[in-house]
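A look at the structure
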Amino acid sequence: MRNKLIAAFACTTALVSTGAASAADLGARYMKAPAYAEPLFNWTGFYVGGHIGGAWTNEQFINNGTGAPFGDLVPGQGYRQRGAGIMGGAQIGYNWQANNYVFGMEGTISGLDNKGTVVNTAFGAADDIFTWRANVLATVVGRAGFAVQNNLFYIKGGYAGVNNRLNVNDTVAPFTGSGGQTHWANGWTVGAGWEYGITRNWIVGLEYNYAAFGSQTYQLGGTSGNYTFDAKPRDIQWAVVRASYKFDAPVIARY
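Residues numbered from 1 in each chain as written. Predicted model: local features only at pLDDT ≥ 70, side-chain atom pairs only at ≥ 80, totals over all residues. Heavy atoms only, no water.

For the protein, the name recorded in an unreviewed UniProt entry is Outer membrane immunogenic protein, with Bradyrhizobium japonicum as its organism. As its UniProt record puts it under Subcellular location (unreviewed entry), the protein is described as follows: "Cell outer membrane". (UniProt positions renumbered as here; feature names shortened; annotations may be inferred.)

Turning our attention to the overall build of the protein. In terms of regular secondary structure, the protein is built from one helix and nine strands. For the protein, the sequential pattern of α-helices and β-strands runs α-β-β-β-β-β-β-β-β-β. Taking all 255 residues of the protein together, 36% fall into the buried category. Surface accessibility of the protein: about 13,600 Å² in total, with carbon and sulfur atoms responsible for 64%. (Helix = DSSP H or I, 4+ residues; strand = E, 2+ residues; numbered from the N terminus. Buried < 20%, exposed > 50% of the residue type's maximum accessible area, 1.4 Å probe, protein only. Areas by Shrake-Rupley, 256 points an atom, 1.4 Å probe, with all protein chains shown as cover.)

Scored by pLDDT, the protein comes out at a mean of 84, with 78% of its residues at no less than 70. Mean pLDDT across the elements of the protein bottoms out in helix 1 (residues 2-29) (49) and peaks in strand 7 (residues 202-213) (98). (pLDDT = per-residue confidence, 0-100.)

Any two aromatic rings considered together are summarised by their centre-to-centre distance and by the angle between their planes. Using the criterion set out here, one finds 15 aromatic pairs in the structure. Grouping aromatic residues by their ring pairs yields a cluster made of Phe61, Tyr79, Phe130, Tyr227 and Phe229. One residue, Arg143, lies across the ring of Tyr154, its end atom 4.2 Å from the ring centre. Between Lys246 and the ring centre of Phe41, over which it is positioned, the NZ or CZ distance is 5.8 Å. (Phe/Tyr/Trp six-rings, centres within 6.5 Å; stacked < 30°, edge-to-face > 60°. Lys NZ or Arg CZ within 6 Å of the ring centre and 35° of its normal.)

Enumeration over the complete set of coordinates arrives at one cavity of 30 Å³ or more. The calculated volume of the largest cavity comes to roughly 90 Å³. In this structure, the largest cavity is lined by His51, Thr108, Ser110, Leu137, Thr139, Lys156, Thr189, Glu207, Asn209, Trp238, Val240 and Arg242. Those elements that provide at least two residues to the lining of the largest cavity are strand 3 (101-120), strand 4 (128-148), strand 7 and strand 9 (225-246). The biggest single contributor to the lining of the largest cavity is strand 9, with three residues. Grouping the amino acids of the lining of the largest cavity by side-chain chemistry returns three nonpolar, six polar and three charged. (1 Å grid on protein atoms, 1.4 Å probe; cavity = no way out; pocket = protein on both sides within 12 Å on 5 of 7 lines; lining within 4 Å. Points joined across faces, edges and corners; volume = space filled by probe spheres on them. Nonpolar A, V, L, I, M, F, W, Y, C, P; charged D, E, K, R; others polar.)

What follows is about a nonpolar patch on the surface. Together, Phe46, Val48, Ile92, Tyr94, Trp96, Tyr101, Phe103, Phe146, Val148, Phe153 and Phe247 make up an exposed nonpolar region whose accessible area comes to about 1,100 Å². Those elements that provide at least two residues to the nonpolar patch are strand 1 (45-63), strand 2 (78-98), strand 3 and strand 4. Looking at which element gives the most residues to the nonpolar patch, the answer is strand 2, with three residues. Here Val48 is to be found in strand 1. (Patch = residues over 30% accessible without salt bridge, like charges linked within 9 Å, V, L, I, M, F, W, Y side chains within 5 Å. Salt bridge = Lys/Arg side-chain N within 4 Å of Asp/Glu carboxyl O.)

In this structure, Asn99 is a non-glycine residue whose phi angle is positive, near 55°. With respect to the helices and strands, the residue Asn99 is situated in the loop between strand 2 and strand 3. By relative accessible area, which is 69% here, Asn99 ends up exposed. With a phi close to 50°, Gln149 is a non-glycine residue in the positive phi region. Mapped onto the secondary structure, Gln149 falls in the loop between strand 4 and strand 5 (151-170).

Below, the discussion takes up the pairing of strand 7. Relative to strand 7, strand 6 (residues 177-197) is paired through 11 bridges, and the arrangement is antiparallel. Within the sheet, the bridge partner assigned to Thr189 lies in strand 7 and is Ala211. Hairpin geometry of strand 6 and strand 7 is characterised by an intervening segment of four residues between the two adjacent antiparallel strands. (Pairing = 2+ DSSP bridges.)

Below you can see the structure in the form of structure tokens.
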């Protein structure tokens, strides 16, 4: 009887040991997989796109002292006028991301329709008729921003240039005449914006910019000589919505 009990106990112990070993083996073979994490949005890469919005120009032109017989603004006199219009164009750039910080370069070209007319009534109801127009704007800027997943908040700054035209028409005798000239005005710009990656490649955003420009000398030649002005867009402000396509860059995964 005693021998039978000892044998039964040994058998039970062996079965328990075998079960524990099997369970340990299963645990080693079937480890729990790490939780999957979605890739972070990656702002690195080239992009191209377009923008549309509105622009506001403060135009200034002043007789610089070398006037002609036609035209009735004496040296030092002039006008300032504000004009607004629709603008739109294209952008191209490159972003580089380090952790949450994003740096880049961007170039833009835009067409705008900011213009105005000023009438000098010193010697008649419509003596000197001045017209001006700013119609092409270009920028080359650096950008720096902070990314929060699909959101990018950024500032920008750099070069701005604008195509600017000034015309005059003197309609009152005896000194009548007309003339116009176009110049490219150079300046600087700053701005800020927000972008959102709606997919891995498509980005939309909002942006505001300010630019100031230097003066150019305009020789408004007419039949009675040259009417000479220093003219410039004192500043241009614009706000636009943007859409860009970003070309694929390596995916940043987080675990």
